[in-house]
Amino acid sequence: MIYTTEVQHMCPVAKGAYHGPAPIPEEGKWVQAKQISDISGFTHGVGWCAPQQGACKLTLNVKDGIIEEALVETLGCSGMTHSAAMASEILIGKTLLEALNTDLVCDAINTAMRELFLQIVYGRTQSAFSENGLAVGASLEDLGKGLRSQVGTMFATKEKGPRYLEMAEGYCTRVALNKDDEIIGYEFVNLGKMMDFIKKGDDANVALEKAKGHYGQFDNAAKYIDPRHE
């Protein structure tokens, strides 16, 4: 340690009481976090790239400072899906501090990592008051049985109105309209279920029909339209 001449000639004064950092809630405990291994928590966060053409939802499960589980979901940019693939390999096994200072390939993922770091080290995690936190694998519950991200995609113009393209339930195949051409429901295909049916040996057309469902007043519509072609 190098001290300036001014400091070297100062007389020493005793430091008063040390109470440590303020405790933060972690997995049902109050913790005075003094080093990265003191940090545990499960949480989500969203990041975006500089041109804001894509976004990332990142979910991390941290135990004793180590990232044990990562779920990387991206939206809006084709290249981000490949970035997410690499980030999923990069993140696991790193300490929280290592991950914060690692290039996660896509700036949206890096930004999400920054936002999660702030949540976790300040004790604002989803599992802050859950005893022993959440088990590794908990992020898969967000995806549902089909293990697909929950995506909503809608398109609308003043001239032709709205089109429902994808809902949380699945890929929209038909939109139901009333006599005034107002949307009153929609039909969808759960692509996760459809793929499961096909894997079990169903014909693709049979699987498609079995994976369909509808929402709203679909059965009482005056007419139906294909949201992608009409």
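The rules behind each value
Residues numbered from 1 in each chain as written. Predicted model: local features only at pLDDT ≥ 70, side-chain atom pairs only at ≥ 80, totals over all residues. Heavy atoms only, no water. Helix = DSSP H or I, 4+ residues; strand = E, 2+ residues; numbered from the N terminus. Buried < 20%, exposed > 50% of the residue type's maximum accessible area, 1.4 Å probe, protein only. Contact = heavy atoms within 4.5 Å. Lys, Arg positive; Asp, Glu negative; His and termini not counted. Charge placed at Lys NZ, Arg CZ, Asp CG, Glu CD. Disulfide = S-S within 2.5 Å. Pairing = 2+ DSSP bridges. Core = buried A, V, L, I, M, F, W, Y, C linked by side-chain atoms within 4.5 Å. Expected span 1.5 Å × (residues − 1). Arc of directions from axis to C-beta. Polar contact = N/O pair within 3.5 Å; in protein donor to acceptor, adjacent residues only side chain to side chain. Axes fitted to C-alpha atoms, helices over the stretch in contact; angles between N-to-C directions.

Of regular secondary structure, the protein possesses six helices and eleven strands. Structurally, the protein occupies a C-alpha span of about 90 × 40 × 30 Å along its principal axes. For the protein, buried positions account for 36% of its 230 residues. The contacts of the protein with a sequence gap of at least 6 include a subset with a gap of at least 24, amounting to 50%. Computing the positive centroid from 22 side-chain charges and the negative centroid from 30, the protein places the two 3 Å apart.

For the structure shown, the criterion picks out zero disulfides. Residue C56 stays outside any disulfide, its sulfur separated by 6.9 Å from that of C106, the closest cysteine.

So, on to the pairing of strand β4 (residues 55-63). With seven of nine residues buried, β4 lies mostly within the body of the structure. Bridge count for strand β3 (residues 41-48) against β4 is eight bridges, and the pairing is antiparallel. Within β4, the residue paired with G47 across the bridge is C56. In sequence, β3 turns back onto β4 through a hairpin of six residues, with Q52 there showing a positive phi of about 55°. Sheet topology places β4 next to strand β5 (residues 66-75); nine bridges connect them, and they run antiparallel. Looking at the pairing, C56 lines up with T74 of β5.

On to the nonpolar core, then. One finds C56, L58, L60, L91, I109 and M113 to be the most contacted residues of the largest nonpolar core, which totals 24 residues. Elements supplying a minimum of two residues to this core: β4, β5, α2 (78-91), α3 (96-100) and α4 (107-121). It is α4 that provides the largest number of residues to this core, a total of seven residues. When sequence neighbours within four positions are dropped, the list of residues in contact with L58 reads T43, H44, G45, L71, V72, L91, I109, A112, M113 and L116. Formed by five residues, the second largest nonpolar core is a distinct cluster that contains M194, F197, A207 and A211.

For the rest of this paragraph, the subject is α2. An α-helix turns once every 3.6 residues. As a result, residues three or four positions apart point the same way. The end-to-end C-alpha distance of α2, which contains 14 residues, comes to 21 Å, matching closely the 20 Å that a straight helix rising 1.5 Å per residue would cover. Within α2, burial applies to M80, S83, A84, A87 and L91. For α2, the angular spread of the buried residues around the axis is 110°, confining them to a single face. The exposed set on the far side of α2, more than 90 degrees from its buried face, consists of S78, H82 and E89. In this structure, the buried residues of α2 make contact with β4, β5, α3 and α4.

A few words now on the side chain of E73. Take E73: it is sitting in strand β5. Within the structure, the side chain of E73 is placed 2.7 Å from the side chain of S149, a separation counted as a polar contact. Excluding residues within four positions of it along the chain, E73 makes contact with A55, C56, K57, L143, S149 and Q150.

Its place among the elements puts I90 in helix α2. Residue I90 is classed as partly exposed on the basis of its relative accessible area of 25%. Sequence-wise, I90 and V105 are 15 residues apart; in three dimensions their C-alpha atoms are separated by 9.5 Å. Sequence-distant contacts of I90, that is, excluding residues within four places in its chain, are made with T102, D103, L104 and V105.

If you walk across this open sheet you meet the three strands as β3-β4-β5, and the pairing is antiparallel. Each edge of the open sheet is held by one strand with a lone partner, namely β3 and β5. On average, each strand axis in the sheet is inclined to that of its neighbour by 15°, with strand direction left out of account. This element, α2, spans β4 and β5 of the sheet and lies at about 175° to β5. This element, α4, spans β3, β4 and β5 of the sheet and lies at about 140° to β3.

Such coordinate-based values are descriptive only and should not be taken to indicate function.
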